[in-house]
Amino acid sequence: YVLARVGNRYHALCLDAAKGTLRWETPLGLVPMRGGGVVSWQQAYALEVSTERGSPVAVAEGLAFFTTNSGVVAAFDAATGAPVWAHRYDSRVSGPAASSSTLDIQGLAIRLATMRQPYPPVNPLIVAQGRVICLPCDSDAVLALHALTGELLWRRAREQQQDLTALGDDAVALSGPGLIVLGLRDGRTLGSLPSDRRILGRPAVTNSGLVAAGEGSLVRVDRTTLAAEPMPLLDRDAVLGRMILADGKLIAANA
C-alpha cells in the first residue's frame, strides 16, 4: 500500500507484493495548489517538497489508512480500495479545515531557502484500540480518529515535538526535543521529560522503556517512571539519530 502524487491529485494504491502489479487505485484528494501568475522554480520546488510527504500506510481492521500530510487522513477498504471515510484537519499546507485555502508558495519558498526545513519529519500512522493516531508534519496537533468511522476522538497540541512512537497498545510517545507520553484513550499526558533533555529522532522501544539518541549520548528512559539515564558516547558531539531495536540490537539512522 502506498500513497502517490499523480499530477494534481493524491492516489491511494495497492500493489501485489510478489509481482508489483496494481490491484487497485483510488483518488484521495487534490494536491494544494496556488492558481494564477507565473511560478518560479523556487516556488515550484517548495510546492513539491511540501506536498510529496505522505506517511507510511497502516493496515488494520480490514482497512488501509493514509495521510497526505497536506490536510487529509483517510481510510479505504484494504481489499477493494473503496473509500470508507476521510477527515480534514487544520494544515499549514492546505489551510484551515473549515474553509478553502491555497498554499502561499512564495512565502514557503522563502522559508524553505532560509530555514531549510519548513515542516517537521513525516511520522507513521499508529492503529491501536480502535483508534488511528497520527502526527502529520503539516499539523500543530496530534490527532486520534475512530478507526471505523473517522470521528475525531481527541486532539492535542504537539508542543513542538517532532516524532510519534507507539508504546505498546495503550500509549504513544511524542519526542524531540523532549519526551511526552500520552494515553491512547483520551490523549492525557501520562508523563514527560523536559525539552532540555534534547531527544533527537524517534526512540527505540524495549520491554522496560525507551532508548533514545541525545547529544553525545544515548538516553535510557524507564517506561513507568520516565526517569532518564544518559549513557555517554566516546564523542560528545556524536548524534546517532533515529533508533530501531531489532533482534536485541540497536540500529541508528542519521542523515
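Quick caveat: nothing in here was measured; it's all calculated off a predicted structure.

About the thresholds
- Residues numbered from 1 in each chain as written.
- Predicted model: local features only at pLDDT ≥ 70, side-chain atom pairs only at ≥ 80, totals over all residues.
- Heavy atoms only, no water.
- Helix = DSSP H or I, 4+ residues; strand = E, 2+ residues; numbered from the N terminus.
- Rg over C-alpha atoms; globule rule 2.2 N^0.38 Å.
- Buried < 20%, exposed > 50% of the residue type's maximum accessible area, 1.4 Å probe, protein only.
- Contact = heavy atoms within 4.5 Å.
- Areas by Shrake-Rupley, 256 points an atom, 1.4 Å probe, with all protein chains shown as cover.
- Lys, Arg positive; Asp, Glu negative; His and termini not counted.
- Charge placed at Lys NZ, Arg CZ, Asp CG, Glu CD.
- Phe/Tyr/Trp six-rings, centres within 6.5 Å; stacked < 30°, edge-to-face > 60°.
- Patch = residues over 30% accessible without salt bridge, like charges linked within 9 Å, V, L, I, M, F, W, Y side chains within 5 Å.
- Salt bridge = Lys/Arg side-chain N within 4 Å of Asp/Glu carboxyl O.

Visitor: Tell me what's going on with the overall build of the protein chain, and back it up with residues and numbers.
Guide: The helix and strand tally for the protein chain stands at 2 helices and 21 strands. The C-alpha radius of gyration of the protein chain comes to 19 Å, within 12% of the 18 Å expected for a compact globule of 255 residues. Here the protein chain holds 255 residues, and 45% of them are scored as buried. Pairs at least 24 apart in sequence give 42% of the contacts found in the protein chain among residues at least 6 apart. As presented, the protein chain carries roughly 12900 Å² of accessible surface, and 52% of it is formed by carbon and sulfur atoms. For the protein chain, the separation between the mean place of its 24 positive charges and that of its 23 negative charges on side chains is 2 Å.

Visitor: Can you tell me about the packing of aromatic side chains, naming the residues and giving the values?
Guide: Counted under the stated rule, the structure contains 4 aromatic pairs. Each ring, one from phenylalanine 66 and one from phenylalanine 76, has its centre 5.4 Å from the other, and the planes form 90°; the classification is edge-to-face. In this pair, phenylalanine 66 sits in strand β5 (residues 63-67) while phenylalanine 76 sits in strand β6 (residues 72-77), placing the two residues 10 residues apart along the sequence. Phenylalanine 76 sits in the buried class, given a relative accessible area of 2%.

Visitor: Run through a nonpolar patch on the surface, naming residues and quoting values.
Guide: Residues Val2, Leu15 and Leu22 make up a contiguous nonpolar surface patch of roughly 230 Å² in combined accessible area. Along the chain, leucine 15 turns up in strand β2 (residues 9-15).

Visitor: Now, about the pattern of salt bridges: what can you tell me, with residues and values included?
Guide: As enumerated under the stated definition, the model contains 10 salt bridges in all. For the salt bridge of arginine 242 with aspartate 163, the shortest nitrogen-to-oxygen distance reads 3.0 Å. Taken together, the residues arginine 242 in strand β20 (residues 242-246) and aspartate 163 in strand β12 (residues 163-167) connect sequence positions 79 residues apart. Given the relative accessible area of 29%, arginine 242 is considered partly exposed. For arginine 223, the salt bridge goes to aspartate 170, with nearest N and O atoms at 3.1 Å. Of the two residues, arginine 223 sits in the loop between β18 (217-222) and β19 (228-232) while aspartate 170 sits in the loop between β12 and β13 (171-175), which places them 53 residues apart along the sequence. Residue classification places arginine 223 among the partly exposed positions, given a relative accessible area of 34%. Through salt bridges with shared partners, one network takes in Asp163, Arg202 and Arg242.

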